[in-house]
Each structure stands twice: as structure tokens, then as C-alpha cells.
Amino acid sequence: MTHDVTVHPLVSPWGRFGLYSFFVDAPEPAIVDTGIASSPAEGMAPALEAIGRRIEDVRWILLTHGHIDHVGGAHALWELTGRRAQVVIHEADAPMLRSRRAHVEEYRAGRGRYLRDAEGEAGVAAAAHAVISGEMEPSLLVRGGETLSLGGDVTVSVHAIPGHTPGSVAYVLDGQRSVFVGDAVQVHGAANGFPGYTDPAGYRGSLRYLRDEIRPRRLYLGHPYRRADGTPYGVELDEAQAREALTQSLAAEHRVAEAACACLDAGLGETDSPYSPFTPVADALGYTGDPALEPSPFFTSLHGYRAQHHQTVQYRSFAP
């Protein structure tokens, strides 16, 4: 690529969270992540009109991962492009674009085991129906390693960065190292104050890969993730801020990992605490947030450490 491409943040409100999407002003324009069902018509279209662009001209819909606040508007946006845009997602997260039910199954397999909420599954199902504009088959499945042409000399490389979800990816504008990571860089968490990821080892490796190999000049986050002192990062991070956010993310994960491993080595025990069976982790970290608030990153991450710990124990049991 021989020239810089302008990126316009598109911010949509949703509950306690700000949802960030991004318009890549290429010859074949792209939008990275789509918010929820109402975001394309109520947020993106007016924002694009204000800068002299049309949502009908978008030709690429690039999804960083499969969570409802990132894929929820995909079908609606695709419709607004006259169904001409190509919809791209990693194959591991594609089920969450194809099926609302996949979001319920994700809840049941992970955080739903700990929340003691008889209506939790129904709540996730209702949310999926309310904020996902439609089930759809992606135009293109990626694994990482692909290069997408956005027309002219503009290319985007796709990098697998699993951890937050199995199919999280980074899209990198080649030549200018503008990097879109969705929720793959959690720092110290967003509104819930706890970093959320399903695969701790994958998350750790992806952060190191982003920091040491990709080395973003501009880093675009999916939410206003927070520093250790609680202050949020902005929508666009420069090179120094990006390195800081990645380094802080690794440090936060290390602290959680130490507390989680100590808890798991001692054995889990049920208590009356809302953090049960991971109460010692909350105590060790001084975490006082509400673990029941969706997306429940406390239980999502701790379940990931529990699964990782179980695999390690099994390996030790069968090792020669």
C-alpha cells in the first residue's frame, strides 16, 4: 500500500457500553464490526452521511469476533448495502453469525454454570433475538494469514488472535499498521472492571504477538477499556498508547492467572459469595464488581483457567 487510508470511528451507545465500529475509507469501503441491530440505520448511516459517504457503498463487513454487540448489526448493514458487501468472520466464530442459538450455547457452556440465575439462559436468548438483526451465512470464512483487497492498492491482512473468543482476529491495514482488534485487548476490562477471555493461554500469546510482531501504529479497540487507575482509553490509540495497553493487558492477565492458579491448586469450594466457587480469586485481586452483570467477564475468564487447569492435570496424569 502506498498511501494512508482514513479511518472514521462510528460510535453507538448500548447500555453501559460504548460500541465502536470503524469505517475504512478505501476504494472498496469497509466497516469493521457492526454493533447491534439498530446501529447501522440509527448510528452508522447518519455518521457516514455527515462525512459525505454512503452506507450503500460499503463493500466489506469485517467482523473481529462473534459476540452479539459486534455481529448484531451485520445482517442489517448487509441489507443496507443492497446485499453487495462481503461479510467476513473467522470460521471458529461463524456459528454465532449463523445462529442466535449459538449465543445461548456459549452461555450454558461457560459463565452460565456459575451465575445461579434461573432466568439467565432465557435472558441471553431474548437479548440475541433483540439485538441480532438476522442470522446469516458469511461470504468469506478466514483462519488468519489471508490478505483482502479493498480496491486500488489498499490491502488488509488477517491475523488470528484467539483468546477473547476462539475466532478473534485482527485486521491490519497494510503499510500503515492500523490495527482493529475488537475485544482482543482487554487491558483491565471495560464497564465490569475485569478482563474477559475464554482461553487464557491463547489470550496471552495473542497479546504478545500484537505487541512484538504486529506493533500497531494505530490500535482500534471495541470498547472503552480501562487502565489500572480506571481511566478509559479512547477510540483510537497511538503507537505509545497501543504498546502501553498491550503491556498492561499482559500484566493484568498475569495477576489474574496467579490468583486463579492458587485457587484451583487449593481446590474449589462452594460458598454463599456471588463469586463462588472462585471467591479466593476475587479476594486476592480485590475485585468487588458485580459478577452477574453481562457479559460476566469474571466467570468467563475463571472458567477458562479452570478448563486450562483441568487439561494440565490430565496431561500430568497420562505423561510417561
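This text gives an overview of the structure that appears in the document. (Residues numbered from 1 in each chain as written. Predicted model: local features only at pLDDT ≥ 70, side-chain atom pairs only at ≥ 80, totals over all residues. Heavy atoms only, no water.)

**What about the nonpolar core?**
Thinking step 1. Counting residues in hydrophobic clusters, the biggest one holds 45 residues, and the most contacted among them are Val-181, Val-185, Leu-210, Phe-278 and Phe-298.
Thinking step 2. Residue assignment for this core shows that the elements contributing at least two residues are helix H5 (101–109), strand S9 (169–173), strand S10 (178–182), helix H7 (200–214), strand S11 (218–221), helix H8 (239–266), helix H9 (279–285) and helix H10 (297–318).
Thinking step 3. Discounting residues that sit within four places of it in the chain, Phe-298 has contacts with Phe-194, Tyr-275, Phe-278, Val-281, Ala-282, Tyr-287 and Pro-291. (Core = buried A, V, L, I, M, F, W, Y, C linked by side-chain atoms within 4.5 Å. Buried < 20%, exposed > 50% of the residue type's maximum accessible area, 1.4 Å probe, protein only. Helix = DSSP H or I, 4+ residues; strand = E, 2+ residues; numbered from the N terminus. Contact = heavy atoms within 4.5 Å.)

**Some remarks on the sheet that holds strand S7 (residues 147–149)**
Strands pair in a sheet through their backbones, by hydrogen bonds, and they do so in one of two ways: parallel or antiparallel.
Thinking step 1. Reading across the sheet, the six strands line up as S7-S8-S9-S10-S11-S12 and stay open at both edges, with mixed pairing between neighbours. In this open sheet, the two edge strands, each paired with only one partner strand, are S7 and strand S12 (236–237).
Thinking step 2. The sheet contact formed by S10 and S11 spans four bridges and is parallel. Bridge assignment links Gly-182 to a residue of S11, and that residue is Leu-221. (Pairing = 2+ DSSP bridges.)

**Some thoughts on the environment of Val-104**
Thinking step 1. As for its placement among the helices and strands, Val-104 is situated in helix H5.
Thinking step 2. Placed 11 residues apart in sequence, Val-104 and Asp-93 show a C-alpha to C-alpha distance of 14 Å.
Thinking step 3. Among all residues touching Val-104, those that are not within four sequence positions of it are Glu-121, Val-124 and Ala-125.

**Thoughts on the packing of H7 against H8**
Thinking step 1. Interaxial distance between H7 and H8 falls to 10 Å at its minimum, and their mutual angle equals 155°. Looking at the two axes, H7 sits roughly antiparallel to H8. Here H7 and H8 pass one another in a crossing that is left-handed. Contacts between H7 and H8 pair Pro-200, Tyr-203, Arg-204, Leu-207, Arg-208, Leu-210 and Arg-211 from the former with Arg-243, Leu-246, Thr-247, Ser-249, Leu-250 and Glu-253 from the latter.
Thinking step 2. The class makeup of the residues in the contact of H7 with H8 is six nonpolar, two polar and five charged. (Axes fitted to C-alpha atoms, helices over the stretch in contact; angles between N-to-C directions. Parallel < 35°, antiparallel > 145°, perpendicular 65-115°, else oblique. Left-handed = near helix turned anticlockwise from the far one by under 90°. Nonpolar A, V, L, I, M, F, W, Y, C, P; charged D, E, K, R; others polar.)

The quantities given are spatial measurements derived from coordinates; they are silent on function.
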